[in-house]
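Coordinate inspection notes
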Amino acid sequence: MTIPQTKHAYFEGEIVPIEQASISVMNQTFNYGTGAFGGIRGYWNDSEQQLFLFRPADHFRRLLDSAKLLRFDLTHTPDSLTAALRQLLKAEGWKNDVYIRPLAYVTTEGIGARLHNLDHDIAMFSVPFESKLKEEGAHVTFSAWRRVDDNHIPPRGKIIGAYVNSALIKSDAVLAGFDDALVLNNDGHVSESSGSNFFMVRNGVASTPPVTANVLEGITRRTLIELLRVELGLEVIERQIDRTEVYLADEIFLCGTGVQLVPVTRVDHRPVGTGELGSLTRELYELFSGVVRGKVEKYRQWNIPVYD
Ligand SMILES: Cc1ncc(COP(=O)(O)O)c(C=O)c1O
């Protein structure tokens, strides 16, 4: 099957041909990174012939919060953005898994890094995007870079300029032969990876850094905390995590809209637990995969259908 390509964008309040959705080289966000973005998934459910958006209102709420940190003045709401997104996806007519990229950006052109006296808007586009469980797991290292701090560029929001930090972390890890890297805060504790939140399981308890540890307030993180507690009956603690606890973990996984749920089976050439995909991670992945695709009745409120 050939998967169709992106044809439209949501731009300046309308659905337009993708070629029309372009900005000037003089654009402020292009010059200074002063914008925010998101990443939302649509999952194709073949038996229902439906495309389900996963928690779009939560993603748009975070986008608007990220924009608020940058003093954006926007009239959009999570509901109005979800409606616009449904319209965009209907125009595309996708019948496959997709990834949606909303961008909140400064529309003003010209020189001068600042956040005041500027105009703003939101654009969106979607691309086909599939994923499957990385059975062999990922091999990660600890990055030599430190995580951006709340007092530098707040990482709780998805702020465009802050992703230079993620890009440095990711490329250095990949070019050194790893799949990704975990990054420490300035105080030496674990924050997350270049583009996903971190969980470890040790002695039957799951731990993840708190939202005050310079992590993105991940929607997948929030989802998995609930599934771990409610469905798998596990204790989940949000707390500071030391580097050497990571080396002693029984299971580790990374999570996010882009990566979904990735088991980490080696850290700095040390096996995590047995060095194989752990049973809890596999169980959680199966559960999560069903939930996002609208196959678990109890969590259907998280699945927003695109088609009428
Ligand atoms: C740095 C970072 N952490 C965590 C996440 C996961 O967030 P979410 O689950 O909301 O996609 C992402 C991806 O969006 C990210 O870029």
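Quick caveat, the model's predicted, so the values are computed rather than measured.

Quick notes on the rules
Residues numbered from 1 in each chain as written. Predicted model: local features only at pLDDT ≥ 70, side-chain atom pairs only at ≥ 80, totals over all residues. Helix = DSSP H or I, 4+ residues; strand = E, 2+ residues; numbered from the N terminus. Rg over C-alpha atoms; globule rule 2.2 N^0.38 Å. Buried ≥ 20, exposed ≤ 12 C-beta atoms within 10 Å, placed from the backbone. Contact = placed C-beta atoms within 7 Å. Expected span 1.5 Å × (residues − 1). Near = placed C-beta within 6 Å. Nonpolar A, V, L, I, M, F, W, Y, C, P; charged D, E, K, R; others polar. Axes fitted to C-alpha atoms, helices over the stretch in contact; angles between N-to-C directions. Parallel < 35°, antiparallel > 145°, perpendicular 65-115°, else oblique. Left-handed = near helix turned anticlockwise from the far one by under 90°. Domains from an automatic or database assignment. Pairing = 2+ DSSP bridges.

Right, let's get into the overall build of the protein chain. Secondary structure summary: the protein chain contains 7 helices and 17 strands in total. Over its C-alpha atoms the protein chain spans a radius of gyration of 20 Å, differing by no more than 12% from the 19 Å that the globule rule assigns to 308 residues. Here the C-alpha coordinates of the protein chain stretch approximately 50 × 50 × 35 Å along the principal axes. Per-residue burial for the protein chain yields a buried fraction of 42% across its 308 residues. A separation threshold of at least 6 residues defines the contact pool for the protein chain, and within that pool the share at least 24 residues apart is 69%.

To continue, consider helix H5 (residues 219-231). The first and last C-alpha atoms of H5 sit 17 Å apart over 13 residues, in line with the 18 Å expected at 1.5 Å per residue. Of all the residues in H5, the buried ones are Ile219, Thr220, Arg221, Thr223, Leu224 and Leu228. Buried residues belonging to H5 abut helix H2 (56-69), strand E11 (197-202), strand E12 (205-208), strand E13 (235-238), strand E14 (251-256) and helix H7 (279-292). Immediately downstream of H5, the backbone of Gly233 shows phi near 65°, a positive value.

This paragraph deals with the site of the ligand. If you check the shell around the ligand, you find 14 residues, and the closest are Leu216, Gly218, Thr220, Gly256 and Thr257. Among the elements that make up the shell around the ligand, the one with the highest residue count is H5 (3 residues). Across the shell around the ligand, the residue classes break down as 2 nonpolar, 10 polar and 2 charged.

For any two helices packed against each other, one specifies the crossing angle of their axes together with the interaxial distance. Where H5 contacts H7, the two axes come as close as 11 Å, and the packing angle between them is 115°. Accordingly, the angle class assigned to the pair H5 and H7 is roughly perpendicular. In the packing of H5 onto H7, the handedness of the crossing is right-handed. Residue-level inspection shows Leu224, Leu227, Leu228 and Glu231 of H5 in contact with H7, the latter providing Leu284, Leu287, Phe288 and Val291. For the contact of H5 with H7, the class distribution of residues is 7 nonpolar, no polar and 1 charged.

Turning next to the domain arrangement of the protein chain. Looking at the assigned domains, one finds that the protein chain contains domain 1 (8-128) and domain 2 (138-292). On the domain 2 side, the residues contacting the 21 residues of domain 1 number 11 residues. Of all the secondary structure elements, the ones that give two or more residues to the side of domain 1 that touches domain 2 are helix H1 (28-32), strand E3 (36-37), strand E4 (40-45) and H2. Looking at the side of domain 1 that touches domain 2 element by element, the count peaks at 6 residues for H2.

Right, let's get into the pairing of strand E9 (residues 180-184). Extensive coverage of E9 is indicated by the burial of 5 of its 5 residues. Residues Asp180, Leu182 and Leu184 point to one face of E9 and Ala181 and Val183 to the other, with burial holding for every one of them. With 4 bridges joining them, strand E8 (residues 138-146) and E9 adopt parallel strand pairing. Residue Val140 lies in a different strand from E9, and its bridge partner there is Asp180. Relative to strand E10 (residues 190-193), E9 is paired through 3 bridges, and the arrangement is antiparallel.

Below, the discussion takes up H2. An ideal rise of 1.5 Å per residue puts 20 Å on 14 residues; H2 measures up with 20 Å between its terminal C-alpha atoms. Taken residue by residue, H2 has Pro56, His59, Phe60, Arg62, Leu63, Leu64, Ser66 and Ala67 as its buried positions. The positive-phi residue at the C-terminal boundary of H2 is Arg71, with phi of around 60°.

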